[in-house]
Amino acid sequence: STLGASAAERGGRYFGAAIAAGRLGDSTYVNILNREFNQITAENEMKWDATEPQRGNFTYTNANRIVNHATAQGMKIRGHALLWHSQMPGWAQSLSGSDLRNAMINHVTQVATNYRGKIHSWDVVNEAFADGGSGGRRDSILQRTGNDWIEAAFRAARNADPGAKLCYNDYNTDGINAKSTGIYNMVRDFKSRGVPIDCVGFQSHLGTSVSSDYQANLQRFADLGVDVQITELDVAQGSNQANVYATVTRACLNVARCTGITVWGIRDSDSWRTGENPLLFDSSGNKKAAYTSVLNAL
Ligand code: XIL
């Protein structure tokens, strides 16, 4: 079997990968992609700097290469990401206040409208919470437009593409901790006030171990009435790599509202974590022990 087919047999879940448009001409890469995965996320091509490099000038060429490939293969597409403090275009980085707020909301509206009907789920807001013990928001120019920027973004996204699931996505949320609890409180507040939010993504860029309350953390979010997904999984190389992958896979399967898992790249040589070999296929495209471990867990 394959990762995607096995996940589909487990309650209609997906198993996906982050994809780079520039690698779609690499036959080893594309063969693995088409064989194993039934969901894709654009690794960089849908970010703000890629889609609106000049104010009001939208470019979708590279993003569309990924969207067209996924559509032709019947793969679900996670849009990543409408708003993020990183990989913002220079023109937006120089804005503030209501000018930045208007530019943010226009960006959400334009991009979500452009892809209306094609995106299964959008990461509407990425990485808006602070690391460490505060449980509060990350300081950023987006945050300085006012604490309501996240809900304004979700409302704009819902208006632009009512059929897409709207997600909040973050890292260092791989257990019950101050940061994940801050996000949990935001989601609870959004649900209670009718702010449109459907899902929470747990990036899961992991080291050599995983928190023992990883599954319990997914479950507490699911209990708020949102779906959860593992969105950017990669695991540091080491003797425990296959075990950590299996633990994360089982945690998702054990949570009814955990609808899918995405790994952040295909081969180790495709990974942003250079030299860490954190993925399921080696640099030649061979299946690693971690691959077998995930497939057996599915
Ligand atoms: C990373 C990409 O993998 C790199 O190619 C790029 O240089 C930086 O961004 N969290 C996210 C992803 O939400 O968008 C990031 O992707 C990894 C961390």
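Everything discussed here concerns the structure shown above.
This section reports on the structure supplied with the text. (Residues numbered from 1 in each chain as written. Predicted model: local features only at pLDDT ≥ 70, side-chain atom pairs only at ≥ 80, totals over all residues. Heavy atoms only, no water.)

## Some words on the environment of Ala157
Its location among the elements puts Ala157 in helix H7 (residues 149–160). Setting aside its immediate chain neighbours within four residues, Ala157 contacts Leu82, Val108, Val124 and Leu166. (Helix = DSSP H or I, 4+ residues; strand = E, 2+ residues; numbered from the N terminus. Contact = heavy atoms within 4.5 Å.)

## Some details on the packing of aromatic side chains
Scanning all chains against the criterion turns up nine aromatic pairs. Aromatic side chains Tyr60 and Tyr115 sit 5.3 Å apart centroid to centroid with 85 degrees between the ring planes, which places their arrangement in the edge-to-face category. Of this pair, Tyr60 sits in the loop between helix H3 (48–51) and helix H4 (61–73) while Tyr115 sits in the loop between helix H6 (97–114) and strand E4 (121–126), placing them 55 residues apart in sequence. Across the pair, Tyr115 and Tyr60 agree in class, each one buried. Ring geometry for Tyr184 against Phe221: centres 5.6 Å apart, planes inclined by 90 degrees, an arrangement best described as edge-to-face. Of the two residues, Tyr184 sits in helix H8 (residues 178–193) while Phe221 sits in helix H9 (residues 214–222), which places them 37 residues apart along the sequence. Each member of the pair Tyr184 and Phe221 is classed as buried. Within the aromatic cluster, the residues linked to one another by ring pairs are Phe58, Tyr60 and Tyr115. The aromatic ring of Tyr171 is capped on one face by Lys179, whose charged end is 3.6 Å from the ring centroid. (Phe/Tyr/Trp six-rings, centres within 6.5 Å; stacked < 30°, edge-to-face > 60°. Buried < 20%, exposed > 50% of the residue type's maximum accessible area, 1.4 Å probe, protein only. Lys NZ or Arg CZ within 6 Å of the ring centre and 35° of its normal.)

## Section: H8
Each α-helix turn comprises 3.6 residues. Residues three or four places apart therefore point the same way. If you check H8, its first and last C-alpha atoms are 23 Å apart, about what 16 residues at 1.5 Å a residue would give, namely 22 Å. Listing the buried residues of H8 in full gives Lys179, Ser180, Gly182, Ile183, Tyr184, Met186, Val187 and Phe190. Positive backbone phi, at 75 degrees, marks Gly194, one or two positions downstream of H8. (Expected span 1.5 Å × (residues − 1).)

## Some remarks on the pairing of strand E9 (residues 258–263)
Counting buried positions along E9 yields five of six residues, so the element is predominantly enclosed. Both strand E1 (residues 14–19) and E9 contribute to a ladder of four bridges, which runs parallel. Residue pairing across strands places Phe15 opposite Ile261, the latter belonging to E9. Where strand E8 (residues 227–235) lies against E9, four bridges are found, and the strand directions are parallel. (Pairing = 2+ DSSP bridges.)

## Some remarks on the pattern of salt bridges
A complete count under the given rule lists 18 salt bridges for this structure. Among the ionic pairs, Asp270 bridges to Arg23, the shortest N-O distance being 2.8 Å. Taken together, the residues span a long stretch of sequence, with Asp270 in the loop between E9 and helix H11 (289–297) and Arg23 in the loop between E1 and helix H2 (27–36) at a distance of 247 residues. A relative accessible area of 28% means that Arg23 is categorised as partly exposed. Among the salt bridges present, the one from Arg273 reaches Glu276, with a minimum N-O distance of 3.0 Å. A cluster of three or more residues bridged by salt bridges with shared partners is formed by Arg23, Asp26, Arg267 and Asp270. (Salt bridge = Lys/Arg side-chain N within 4 Å of Asp/Glu carboxyl O.)

## Describing the site of the ligand
The local shell around the ligand holds 13 residues, among which Glu43, Lys47, His80, Asn126 and Glu232 are the closest. Take Asn44: an N or O atom from its side chain is 3.0 Å from an oxygen atom of the ligand. Note that an oxygen atom of the ligand is positioned 2.8 Å from one of the side-chain N or O atoms of Glu232. For the ligand, the protein covers 79% of the area, taking 410 Å² as the surface of the free molecule. Grouping the amino acids of the shell around the ligand by side-chain chemistry returns three nonpolar, six polar and four charged. (Near = heavy atom within 4 Å. Polar contact = N/O pair within 3.5 Å; in protein donor to acceptor, adjacent residues only side chain to side chain. Areas by Shrake-Rupley, 256 points an atom, 1.4 Å probe, with all protein chains shown as cover. Nonpolar A, V, L, I, M, F, W, Y, C, P; charged D, E, K, R; others polar.)

## Notes on the packing of H6 against H7
Two elements in contact, H6 and H7, have axes separated by 8 Å at closest approach and are oriented at 30 degrees. Considering their axes alone, H6 and H7 lie roughly parallel with respect to each other. Pair H6 / H7 crosses with right-handed handedness. In this structure, H6 uses Arg101, Met104, Ile105, Val108, Thr109, Ala112 and Thr113 to contact H7, whose residues at the interface are Trp149, Ala152, Ala153, Ala156, Ala157 and Ala160. (Axes fitted to C-alpha atoms, helices over the stretch in contact; angles between N-to-C directions. Parallel < 35°, antiparallel > 145°, perpendicular 65-115°, else oblique. Left-handed = near helix turned anticlockwise from the far one by under 90°.)

## Details of the packing of H7 against H8
Closest axis-to-axis distance for the H7/H8 pair is 12 Å, and the angle between their directions is 55 degrees. Comparing the axis directions of H7 and H8 gives the class oblique. Both H7 and H8 take part in a crossing whose hand is right-handed. Contact residues: H7 offers Ile150, Glu151, Phe154 and Arg155, while H8 offers Met186, Phe190 and Arg193. Considered class by class, the residues forming the contact of H7 with H8 number four nonpolar, no polar and three charged.

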